[in-house]
Amino acid sequence: MFDIFLLTFTNVAVILLYLVCGFVLVKSGKCHPTHSKTMSALLVYVLSPAMIINAFLKLDYSFERLLSMLWFFLASLFVQIVLLLMLYLIFKRKYGEGKYRIMTVGSALGNVGFFGLPVITALFPEEPIVACYAVTFVFSMNLLVFTAGRALITNDPKQVSVKSAILNPTTISMLIALPLFIFKVNFPIQISKIISILSEMTTPMCMFVLGFRLASVPFKNLFTRPLTYLAVAIKLIIFPLCVFLIVKFIPFFDNTFKSSLFILCGMPSGAIILSLAEMYESETELSANVILLSTLFCVITIPLLTLLI
């Protein structure tokens, strides 16, 4: 049990070191926080698609695996929707204030790709399907970002964009990756190596961007908003523990499936939330605080959660 804790703690700590590098680069004047926009574009349009495609290229096709990924997609979509609905019912009377809407989105939608994928693959090195579970979770979360997430952040249901939910790099990458997986398409070694290298760059790049943003946030503001702590507690502790209790007693999913869903639900809040908050000018500071604090605190919470598996 301690070995699992130590393994997870080490992997999460290494990931956070990339964030520290980005932070130091800005504070030392070598980079400017505005550089994160260019890096984010590279992350979204190049590295993230490579991560998704690479996960499927590494997995041999079988109908059972395809069915398992479909169930994982439905399960991940279900638990996120349930949490969003519960928080909506609890706080809907206060949704006139943007901070409660941001808290709701930040509590449910996590960094399951850039942060979750390296953690879950380190926990299950002999199970390549867990990488596909992670990117499948990314897909379900992405659908919610452009529908429920967008409606909550703007407080306007008319802002829901089915077109954006379908025509975006994540969905398009899944539409490319699935046929490659099903029809067992093998790229030349050189091409596969390029995709693999780009995939491995996703986590460092994401953490560099968060480090840039952390460097531009006054530390006093980072720790002084109570709703930030509530969102972080729900995202890192309450949400995954509730999912653990639900899946623990479901008999027809294996341990890898259950553990992957549980651990991925405990990932920190997704950076996409800040991007939407900036786009619609809604509680940008709170969004940044939730993402950054959940990312910092997960170095403790994720290793503790793994003790349950």
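What you see is a predicted model; the values in this text were computed from it and never measured. (Residues numbered from 1 in each chain as written. Predicted model: local features only at pLDDT ≥ 70, side-chain atom pairs only at ≥ 80, totals over all residues. Heavy atoms only, no water.)

Regarding the overall build of the chain
Applicable threshold: Numbering of helices and strands starts at the N terminus; helices are DSSP runs of H or I of at least 4 residues and strands are runs of E of at least 2. C-alpha atoms define the radius of gyration, and 2.2 Å times the number of residues to the power 0.38 defines the globule rule. Here the term buried applies to any residue with accessible area under 20% of the maximum for its type, exposed to any over 50%, and partly exposed to those in between, with areas from a 1.4 Å probe on protein chains only. We call two residues in contact when some of their heavy atoms are within 4.5 Å.
Within the chain one finds 15 helices and zero strands. Scaling as 2.2 N^0.38, a compact globule of 309 residues should have a C-alpha radius of gyration of about 19 Å, and the chain matches this with 18 Å. Oriented by its inertia axes, the alpha-carbon framework of the chain measures out at about 50 × 45 × 45 Å. The 309 residues of the chain split such that 52% are buried. Here the analysis covers contacts within the chain between residues at least 6 apart in sequence; of these, 84% occur between residues at least 24 apart.

Details of the layout of surface pockets
Let me state the cut-off plainly: Only protein atoms enter the 1 Å grid used here. Points where a 1.4 Å probe fits but cannot escape make up a cavity, open sets with protein on both sides within 12 Å along at least five of seven lines make up a pocket, and a residue lines them when an atom lies within 4 Å of a point. Grid points are joined across faces, edges and corners, and a volume is the space filled by probe spheres set on the points. Gly is placed with the polar residues, together with every amino acid not listed as nonpolar (Ala, Val, Leu, Ile, Met, Phe, Trp, Tyr, Cys and Pro) or charged (Asp, Glu, Lys and Arg).
Of the pockets and cavities examined, the largest pocket occupies roughly 770 Å³. Forming the boundary of the largest pocket are 34 residues, of which Val 44, Phe 114, Ala 271, Ile 272 and Ser 275 lie nearest the centre. Within the residue set of the lining of the largest pocket, elements represented by two or more residues are helix H2 (35-57), helix H6 (129-154), helix H8 (169-182), helix H10 (202-215) and helix H14 (272-279). The element that contributes the greatest number of residues to the lining of the largest pocket is H2, accounting for nine residues. Residue composition of the lining of the largest pocket, by class: 18 nonpolar, 12 polar and four charged. If you go around the second largest pocket, you meet 22 residues; those closest to its centre are Lys 58, Leu 117, Pro 118, Thr 121 and Glu 200. When contributions to the lining of the second largest pocket are tallied by element, the ones reaching two or more residues are helix H1 (2-27), H2, helix H5 (116-123), helix H9 (189-200) and H10. Residues of the lining of the second largest pocket, tallied by class, amount to 12 nonpolar, seven polar and three charged.

Observations regarding the pattern of salt bridges
The line we're drawing: The rule for a salt bridge is simple: a side-chain nitrogen of Lys or Arg has to be within 4 Å of a carboxyl oxygen of Asp or Glu.
Summed over all chains, the structure comprises two salt bridges. Two residues, Lys 99 and Glu 97, come together in a salt bridge whose shortest N-O distance is 3.5 Å. In this structure, Arg 225 and Glu 285 form a salt bridge, with 3.8 Å as the shortest nitrogen-oxygen distance. Of the two residues, Arg 225 sits in the loop between helix H11 (219-222) and helix H12 (226-248) while Glu 285 sits in helix H15 (residues 284-306), which places them 60 residues apart along the sequence.

Observations regarding the packing of helix H3 (residues 63-91) against H12
Stated precisely, the cut-off is as follows: Axis geometry follows a simple rule: fit a line to the C-alpha atoms, using only the stretch in contact for helices, then measure angles between N-to-C directions, giving values from 0 to 180 degrees. Throughout, the term roughly parallel applies to angles under 35 degrees, roughly antiparallel to angles over 145, roughly perpendicular to angles from 65 to 115, and oblique to all others. Note on convention: near helix rotated counterclockwise from far helix by under a right angle means a left-handed crossing. Clockwise means right-handed.
Where H3 contacts H12, the axes come no closer than 12 Å and their chain directions differ by 130°. Taken together, the axes of H3 and H12 lie oblique to each other. Crossing of H3 over H12 shows right-handed handedness. Each of Val 79, Gln 80, Leu 83, Leu 87 and Phe 91 in H3 lies in contact with H12, whose residues at this interface are Leu 230, Ile 234, Phe 239 and Val 243. Its residues placed into classes, the contact of H3 with H12 shows eight nonpolar, one polar and no charged.

A look at the nonpolar core
What counts is decided by this rule: To qualify as a nonpolar core, a set must consist of buried Ala, Val, Leu, Ile, Met, Phe, Trp, Tyr and Cys residues joined through side-chain atoms within 4.5 Å.
Membership of the largest hydrophobic core comes to 103 residues, with the highest contact counts inside it found for Phe 56, Phe 115 and Val 119. In terms of residue count, H6 provides more of this core than any other element does, 16 residues in total. Ignoring sequence-local partners within four residues, the contact set of Phe 115 consists of Val 12, Ile 15, Leu 16, Met 207, Met 267, Pro 268, Thr 295, Cys 298 and Ile 302.

Structural notes on the state of the cysteines
By definition, a disulfide links the sulfur atoms of two cysteine residues through a covalent bond. The following threshold applies: In this description, the term disulfide denotes a pair of cysteine sulfurs within 2.5 Å.
Under the counting rule described, the total for this entry stands at zero disulfides. With no disulfide of its own, Cys 31 has Cys 21 as its nearest cysteine by sulfur position, at a separation of 11 Å. The exposure class of Cys 31 is partly exposed, given its relative accessible area of 21%.

What about a nonpolar patch on the surface?
The condition is simple: Within the patch definition used here, like charges are joined within 9 Å and nonpolar side chains (Val, Leu, Ile, Met, Phe, Trp, Tyr) within 5 Å, considering only residues with over 30% relative accessible area and no salt bridge. For the accessible areas, the method is Shrake-Rupley and the probe is 1.4 Å, while residue cover comes only from the protein chains on display.
Taken together, the side chains of Ile 4, Ile 237, Ile 238, Leu 241, Leu 308 and Ile 309 define a hydrophobic patch exposed on the protein surface, amounting to about 430 Å² of accessible area. Examining the composition of the nonpolar patch, we find that three residues originate from one element, H12, more than from any other. Here Leu 241 lies in helix H12. Accessibility expressed as a relative area gives 33% for Leu 241, which makes it partly exposed.

Some remarks on helix H4 (residues 98-108)
The buried fraction of H4 is high, at 10 of 11 residues. Within H4 the residues assigned to the buried category are Gly 98, Tyr 100, Arg 101, Ile 102, Met 103, Thr 104, Val 105, Gly 106, Ser 107 and Ala 108. For H4, the secondary structure elements touched by its buried residues are H3, H6, H12, H14 and H15.

Looking at H1
What counts, and what does not: The length a helix should cover is 1.5 Å for every residue beyond the first.
If you check H1, its first and last C-alpha atoms are 36 Å apart, about what 26 residues at 1.5 Å a residue would give, namely 38 Å. What H1 keeps buried is the set Thr 8, Val 12, Ile 15, Leu 16, Leu 19, Gly 22 and Val 26. Contacts from the buried residues of H1 go to H5, H10 and H15. Gly 29, located one to two residues past H1, shows a positive phi value of around 85°.

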